[in-house]
Amino acid sequence: MITINITGQIVLLFGCYLSLSPMNKLLLLFIILCCLCCYNLSAQNLELFDSSKKFNWEQVDSAPLDTPTLKSIFPVVVNKPFHDLKTLINAIDLFHFIDLNKDGVNEIIYNGWTGGEGEMIHVLWENNQKFELKQTILGRIVELNPSSSKAKMTVLDYACCAGYIDHLTYFELNGLVFQITEDYAIPLYKLKDLNLIDPVQFEVQRDPYNFRLYIEIQQNLDPSDYPFDLIQNQNIAAIFSTGDTGTALAEKTDETGRIWWLVVMNNAPKHPRTIFYRGNNGYEQYMPIGWMSSRYLKAKR
């Protein structure tokens, strides 16, 4: 689990705060709140890409789902993926009673087997004492926050079926349907031993500028070692251009002294040569995560 210690920085800012004018105090408070949001977002995103992470359903389950209720929804989920009633009943632990919008009425969420590889999510709402399937999402729930305003859910759409890009997708409940608000994409490699830094917003200053899988420039690679078409026979994952923007979350220095940043780009690659692709839930405006040399990345103040 990745954590960031910002206590010392907050104490230092608070010391300065007391000597400021009222207007500058408001400005400083705004800056602190923005920094806190960025820290939480960066640490959270990286941690949730861990496919071994399991969601604790006990913190949101309203009540155990009973067998009669489960049997009653069989016509709704037949062949999705349950071919018979016995298979459905055997999967009862994958169904959950949850009051998503805090209106006192439980919804049903299923998260489990798709019938093939990967996982799926069914969201069922009660209507006239019957449950209706309103939405199906692909992936595994890693966060779920019911709310009387807008419930929020985070889904890890991990690569399967010969895929190689994981997507971490953020949803917000709008009426009876979850809508995507953000989607982060990362190739299949482990994020470990990271030197996390204060998030740095930047702008690309060179065209083209390569976005890489690892913190080194690898050339003349063997295409048979990779599950995707190599770009220029290098470890290039995407190509960005002058004016593209993103945020650096961590950094490493390679053997040559080159400083690399682990970055989240603010937009999907526009260049046609990329190993990235949209996730199973079809969101086009995903934000890639990978490594870039910091040499031609200009920090935005």
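By convention here, each chain's residues receive numbers from 1 onward along its written sequence. With the structure being a predicted model, the display of local features is reserved for residues of pLDDT at least 70 and the display and counting of side-chain atom pairs for 80 or more, all residues being used for whole-chain, interface and lining totals. Hydrogens and water are ignored here; the side-chain numbers use all heavy atoms of the structure.

**Student:** Explain the pattern of salt bridges here, please?
**Tutor:** A side chain with one charge can pair with a side chain of the opposite charge if their charged atoms come near. By definition, a salt bridge exists where a carboxyl oxygen of Asp or Glu is found within 4 Å of a side-chain nitrogen of Lys or Arg. Per the counting criterion, the structure on display carries 4 salt bridges. Two residues, K134 and E132, come together in a salt bridge whose shortest N-O distance is 3.1 Å. Buried residues are those whose accessible area, probed at 1.4 Å on protein chains only, stays under 20% of the maximum for their type, while exposed residues exceed 50% and partly exposed ones sit between those limits. Overall, K134 belongs to the partly exposed group, its relative accessible area being 38%. In this structure, the salt-bridge partner of D244 is K270, at a minimum N-O distance of 3.1 Å.

**Student:** Would you mind showing me how to read the pairing of strand β9 (residues 196-204) here?
**Tutor:** Remark: a regular strand shows side chains that alternate across the two faces of the sheet. If DSSP finds at least two bridges between two strands, the strands pair. Helix numbering and strand numbering both begin at the N terminus, where a helix is a DSSP run of H or I of at least 4 residues and a strand a DSSP run of E of at least 2. Relative to strand β12 (residues 245-253), β9 runs antiparallel, the two being bridged by 5 bridges. Directly across from Q201, in β12, lies its bridge partner T247. Pairing of β9 with strand β15 (residues 297-299), which is carried by 3 bridges, proceeds in the antiparallel orientation. Residue pairing across strands places E203 opposite K298, the latter belonging to β15.

**Student:** Explanation requested: the pairing of strand β7 (residues 165-174) in the structure shown.
**Tutor:** Across the 10 residues that make up β7, a large majority, 8, are buried. Sheet topology note: the strand β6 (residues 152-157)/β7 ladder contains 6 bridges and is antiparallel. Within β7, the residue paired with L156 across the bridge is L168. Sheet analysis places β7 next to strand β8 (residues 177-187), joined by 10 bridges and oriented antiparallel. When the sheet's bridge partners are listed, I165 is paired in β8 with P187. Counting the residues in the hairpin turn of β7 and β8 gives 2 residues, including G175, whose phi is positive at 70°.

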